[in-house]
Amino acid sequence: MLLRYSSSSVTLSHFHKFHRKRSFNTSSKIIRWRPRDEYKLNQPELVDRITRILVLERISLLNRLCFDYSDEILDAVLYKLRFNPNACLSFFKLANKQQHFRPNVKSYCKIVHILSRDRMFNEAKVYLNELIGIRKVASSSGSLVFDELVRVYRDFSFAPVVFDMVLKMYAEKGLVENALIVFDNMGKFGCKASLRSCNSLLSNLVRKGDSQVAIIVYDQIIRAGTVPDVFTLTIMVKAYCKDRGVHKAVEFVREMERMGYQPNVATYNSLINGYVDIGDMEAARGVMKCMSEKDASCNVITYTALMKGYCKRGKMHEAEKVLNDIKESSLVADELVYGVLVDGYCRIGKMDDAVRIRDEMLSAGLSVNLTICNSLIDGYCKSEQLDEAERIFLGLKLWGLKPDSYSYNTLVNGYSRGGHISKAFELSSEMDQEGYVPTVVTYNILLKGLCNDGSFDDALHLWCLMLKRGVEPNERSYSTLLVGLFKVGDYEGALKLWKDILARGFTKNTITFNAMINGLCKLGKMVEAEDIFLKMKELGGIPDDVTYRTLSDGYCKIGDLDKAFQVKKQMEMEGISSSVEMYNSLISGFFTSRRLDRVNDLLVEMNATGLAPNIVTYGALIGGWCKERRLDKAYGLYMEMTKNGLTPNIVICSTLISSLYRLGSINKANFLLQKIADVNLLSGLENLSTPCGGDHAFRKIAESLDETAKRYFLPNDIVFNIAIAGLCKSRKVQDARRLFSALLLRGFVPDNFTYCTLIHGCAAAGNVNEAFVIRDEMLANHVNPNITTYNSLINGLCKSGNLERAVRLFHKLCSKGLAPNVITYNTLMDGYCKAGKMSEALKLKDKMIEGGVAPSVVTYSILISGLCKQGDTDASMDLLDRMIESGINPTIVTYSTLVQGHIRGRKRISQLYNEVHPKELSSDSGSSTETGFMEPLCDRAMIDAFVMSEAVC
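The structure displayed is predicted, hence computed values, not measured ones.

**Here's the deal with the nonpolar core**
- Among the nonpolar cores identified, the biggest contains 290 residues, and Ile50, Phe163, Leu271, Met307 and Leu828 are the most heavily contacted of them.
- In this view, Ile50 contacts Leu62, Leu65, Phe67, Ile73, Val77 and Phe91; residues no more than four positions away in its chain are not counted.

What follows is the structure, given as C-alpha cells:
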C-alpha cells in the first residue's frame with residue numbers, strides 16, 4: 001500500500017524517541033497511516049486497492065474505501081482474483097449483503113467457476129442454486145445462464161465440472177428443458193455428464209411424462225461412453241413402459257441381463273406397474289413369479305402395485321387376497337397398503353367395505369391418515385351420502401388431523417354435485433378463513449355446480465370474481481364454461497368461446513376438446529363432433545379414453561351402434577383399453593336401438609376383459625329392462641347388484657318405482673316409496689299394505705330396501721316428486737293433484753320438476769286449462785318455468801287442437817328468456833303436420849336450423865310422415881335424401897312410413913327396398929311412439945329422462 005510520511009528525514013532514533021513521547025502525551029499530533037485521496041482513484045486503481053486488501057485478508061479496511069458496489073467492480077475483482085477462491089468468496093459475500101446492490105448473472109457464473117476449480121463444491125452449489133432460482137421464471141433463462149457459464153469458462157479456461165453441476169441441479173428442480181440445453185452442449189467443452197446427473201435427468205423426464213425424450217437421451221448417454229448402472233436400467237424400464245409398451249420394457253430388461261446387469265426389486269416393480277397400467281394383471285403376477293425364481297424378494301411396494309391394479313379394475317376380492325399375502329409373508333402392511341384398499345372400495349361405492357378395511361387397519365395398531373379420510377369423504381360424496389361425508393370431515397380433529405385443500409375441495413365438490421350450491425359456497429368461505437386460499441380447482445368446482453344447476457348468469461359472475469381475485473382460469477375452467485353454454489342451449493356462444501379457447505393456445509389440451517365434442521354430441525351434431533375430433537389430432541392433441549367414450553356415447557344416443565363400435569375399435573387400436581364407462585354407454589345404446597339380443601353378449605365381453613359392472617352399469621341394465629316392461633330381468637339384476645355389495649342409488653330406486661307406476665302397479669310402487677322414506681309422510685297414498693303376494697323377487701327387493709334405508713334415506717322432496725311423477729305416468733293425474741295439495745299443507749316446497757311433472761300430466765291428459773293454472777301457481781311461487789315446462793304446454797295445446805295458441809306461446813318463448821330446443825320444434829312441427837299445414841312445418845324446420853338447433857331423426861320422421869299422408873311421396877323421398885346427406889341415419893319407422901305412403905300412392909317401392917336392405921334394420925328397432933313422431937313421442941322421452949335423472953338429483 002502506498003503511504004506518505006510527514007518527514008522523510010526522521011531517523012530511527014528520533015522516531016523511537018518521538019514514539020515514546022507520544023505514548024505519554026495523547027494531546028500531541030497523531031501521525032496516521034491513511035489512504036491517499038481515495039475519492040480520486042479511478043476504477044483500475046480502486047480494483048487494485050481492493051484486491052490487495054482481500055489478498056492480505058484485511059477485509060475491514062474495505063469499509064475505509066470510498067466506492068459504490070457495481071457489476072463492473074465485482075466482475076473485475078473476481079477476474080483478477082480468479083485463482084484465489086477464498087478472497088473471491090469473501091468479496092462476493094460482502095457484495096451480496098449490500099442494501100442497494102445484487103450481483104448479476106455474470107458475477108454468479110464467475111464465482112461458481114472459481115469455487116468449483118478449487119473443489120469448493122458445497123459453496124458453489126449454494127450460489128448455483130441461487131442463480132437458478134433467480135432465473136427460474138422465464139424458459140429462455142436456461143439458455144441465458146448456460147451461455148454465460150460458457151463465456152466464463154472460455155475466459156477462465158477452467159472448471160468444466162460446473163456444467164455437470166448445473167445439469168444435475170436443473171434436473172433435480174424439474175427444469176428439464178434447461179437441463180437438456182446443458183446436456184446437449186456440454187460435450188463441446190470437454191465435459192461428460194456424470195452418471196448421477198444422467199440418472200437425475202432421465203428420472204425427471206419420465207416423471208414429467210417425457211418418456212420418449214428420455215429414451216433418446218439414454219441413447220446419447222450410451223454413445224458418449226457412460227456406463228449405466230441398475231438405477232439407470234430401472235428408470236428406462238419405466239420409460240419404455242410408458243412410451244413403447246411393456247413388451248419393449250421386457251425386451252430391454254432381457255438385453256441388460258445378457259450384458260451382465262442384474263435387475264433389482266425396483267426394476268421388477270417398474271415392470272409390474274407397466275402391466276398394471278394396461279390392466280394385464282396376469283402378466284403382473286407373472287413378473288412376481290419371475291422374481292421368486294431369481295431370488296429377488298418382493299417388498300411392500302411390489303404388493304401395493306399389484307393391489308392398485310386390482311382396485312383399478314374393480315376386482316376388490318383379488319385386492320384383498322394381496323393384503324392377505326402380505327400378512328402371510330414377513331412383511332408388514334402399512335397405512336399406504338390399507339389406504340389403497342380403502343380408496344378402491346370408495347371408488348366403486350362400496351362404503352361399508354371401505355369402513356371395514358379402515359377398522360381392520362386400526363385394529364392392527366395403525367393410525368388413520370389424511371389420505372384415507374379424504375378417500376372416505378370422496379367415496380361418500382360420490383355415493384350421494386353427504387351426511388356421512390360431513391361426519392368424516394368434522395371428525396378429522398378426533399384423529400388429530402387437519403383438513404387440507406383437497407379435503408375442502410372434495411366436500412365442496414360433493415355439495416356442488418348434489419345441488420347444494422349454498423353449502424358449497426359456505427364451505428369455500430370457511431376454507432379461505434382457515435388459510436387455504438381457494439384455487440382455480442375450487443372455482444372450477446363451483447362453476448360446474450352453478451352450470452349444472454342452470455344458474456349460468458351466476459357462473460359468469462363467479463368467473464369475473466375469479467379474474468378480479470387474480471386466479472387465472474385454466475383449460476378446465478374454460479371447458480366448464482363451454483359445457484354451461486351448451487347446457488343452456490347457447491350454441492353460438494359455445495362456438496364463440498371455442499374460438500377464444502383456441503386463440504389462447506389451448507390447442508393441444510384434451511380436456512377442452514373433450515368438452516366441445518361432448519357438447520356437440522349432446523346436441524346430436526355428430527358430424528361437427530367428428531370434425532372437432534379430426535381437428536384435435538391435426539393440431540397435435542392426443543385423444544384419450546374420455547374422447548373416444550364421448551364420441552361412442554354420442555352415436556349410442558342417436559342409435560348408430562355401428563359407428564359407436566367403430567369408435568371403440570379405433571380406440572383399442574390406439575392402445576387404449578375399453579373402460580367400464582365405455583361399456584355402460586354401449587349397453588344404453590343397445591337398449592335405445594332395441595337390439596336387446598346383444599346386451600348379454602356385451603356383458604360377457606366386458607367380463608372377459610376383467611371389468612366388473614359398477615353401479616352405473618346396473619342402473620343402465622335395470623333402466624333398460626324396465627322400459628321394456630321386463631321387470632323380472634330388472635329384479636334379477638337388482639338382486640345381483642346387492643349381492644355384489646353395491647348399494648342402490650336414487651336413480652335405480654326411482655327407475656323401479658316409476659316403472660311400477662307406469663305398469664299400473666300403484667300398490668307396489670307406493671309400498672317401495674314407503675321403504676325409502678325416512679318418515680311416514682306418504683299416508684295420502686293408497687294401498688300401503690304389503691303387496692308382495694307371490695312375487696318372491698319383489699319381496700326380496702323390499703327387504704333389501706329396509707337395510708338400505710337404515711343408513712341411506714332419500715330426501716322427502718325426492719320421494720314426493722317420484723310419487724307425483726308415478727301417479728301422472730299411470731294417468732292418475734287427479735290423484736297426483738290431490739297428493740300435491742296434501743303435501744303443500746305439510747310444508748312441502750315444490751320445485752321446477754314437481755310443477756313440470758303435473759303440467760305434463762295435465763297436458764297429456766288433454767286438460768290444458770288445468771296445466772296453465774298450475775303454470776300460474778308456479779310463477780306465483782317464484783319458480784320459473786323452463787323450456788321443458790313450455791314444451792309440455794305446447795304439446796297439450798297441439799293435442800287439444802289449439803294450434804294457433806301453441807304458435808303464439810312458441811313466439812313468446814324469447815321474451816321469457818328461453819330458447820326453443822329440438823323437442824319444442826318437433827312438437828310444433830308435429831302439430832302443423834297433423835293440421836295439414838306442411839308448408840308451415842317445413843318453414844319451421846328452416847327456422848330451426850337458422851336458430852342453431854340441429855334437426856334430429858324425429859324431426860325428419862315427422863315431416864316425412866306428414867308429406868306421405870298428403871300423398872307427396874316425391875317430396876318425402878327428397879327429404880329422405882337430405883336427411884341422409886346431413887349425416888342422420890333413418891330408422892325402421894322412417895322407412896315404414898315411406899312404404900305406407902308409397903303403397904297408398906300406388907308407387908314403386910323398389911328404391912326403398914334397396915335403401916333398407918343393406919342396413920339390416922330390425923323390425924323391432926323402434927315403434928312410432930318410441931321414436932317420437934306420434935303424439936306421446938317427445939314428451940314421453942322427455943319425462944322418462946326426467947324421472948331417471950333430474951327428478952332425483
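Having seen the structure, we can now continue with the description.
**Some points on the pattern of salt bridges**
- Per the stated rule, a full pass over the model turns up 33 salt bridges.
- For the salt bridge of Glu538 with Lys535, the shortest nitrogen-to-oxygen distance reads 3.8 Å. Residue Glu538 and its partner Lys535 are both found in helix α29 (residues 526-538); the two are separated by three residues, about one turn of the helix.
- Taking relative accessible area as the criterion, Lys535 reaches 34% and is therefore assigned partly exposed.
- The partner of Lys568 in a salt bridge is Glu605, with the nearest N and O atoms 2.8 Å apart. Here Glu605 lies in helix α33 (residues 599-608) and Lys568 lies in helix α31 (residues 561-573), a separation of 37 residues in the sequence.
- The buried category is assigned to Lys568, whose relative accessible area is 5%.
- Relative accessible area serves as the criterion here: at 31%, Glu605 is assigned to the partly exposed category.

**Side note on the packing of helix α10 (residues 195-207) against helix α11 (residues 211-223)**
- As a packed pair, α10 and α11 sit with axes 8 Å apart at the nearest point and diverge in direction by 160°. As judged from the angle between their axes, α10 and α11 are roughly antiparallel. The hand of the α10/α11 crossing is left-handed. For the pair formed by α10 and α11, the contact residues are Cys198, Leu201, Leu202, Leu205 and Val206 on the first element and Ser211, Val213, Ala214, Val217, Tyr218 and Ile221 on the second.

**Remarks on helix α42 (residues 768-780)**
- When the terminal C-alpha atoms of α42 are compared, their 19 Å separation across 13 residues agrees well with the 18 Å that a helix rising 1.5 Å per residue should span.
- The set of residues buried in α42 consists of Val768, Glu770, Ala771, Phe772, Ile774, Arg775 and Met778.
- In this structure, the buried residues of α42 make contact with α40 (733-745), α41 (752-764), α43 (787-799) and α44 (803-812).
- Phi turns positive one or two residues past the end of α42, at His782, with a value near 60°.

**Let's talk about helix α48 (residues 873-885)**
- An ideal rise of 1.5 Å per residue puts 18 Å on 13 residues; α48 measures up with 18 Å between its terminal C-alpha atoms.
- Restricting attention to buried positions, one finds in α48 the residues Thr873, Ser876, Met877, Leu879, Leu880 and Met883. End-on, the buried residues of α48 take up no more than an arc of 160°, which puts them together on one face. Exposed residues pointing more than 90 degrees away from the buried face of α48 are listed as Asp874 and Glu885.
- Just downstream of α48, Gly887 is the residue with a positive phi angle, here 90°.

**Notes on the side chain of Thr410**
- Its place among the elements puts Thr410 in helix α22 (residues 405-417).
- In this structure Thr410 comes out as buried when scored by relative accessible area, which is 7%.

The rules behind these values
- Residues numbered from 1 in each chain as written.
- Predicted model: local features only at pLDDT ≥ 70, side-chain atom pairs only at ≥ 80, totals over all residues.
- Heavy atoms only, no water.
- Core = buried A, V, L, I, M, F, W, Y, C linked by side-chain atoms within 4.5 Å.
- Buried < 20%, exposed > 50% of the residue type's maximum accessible area, 1.4 Å probe, protein only.
- Contact = heavy atoms within 4.5 Å.
- Salt bridge = Lys/Arg side-chain N within 4 Å of Asp/Glu carboxyl O.
- Helix = DSSP H or I, 4+ residues; strand = E, 2+ residues; numbered from the N terminus.
- Axes fitted to C-alpha atoms, helices over the stretch in contact; angles between N-to-C directions.
- Parallel < 35°, antiparallel > 145°, perpendicular 65-115°, else oblique.
- Left-handed = near helix turned anticlockwise from the far one by under 90°.
- Expected span 1.5 Å × (residues − 1).
- Arc of directions from axis to C-beta.

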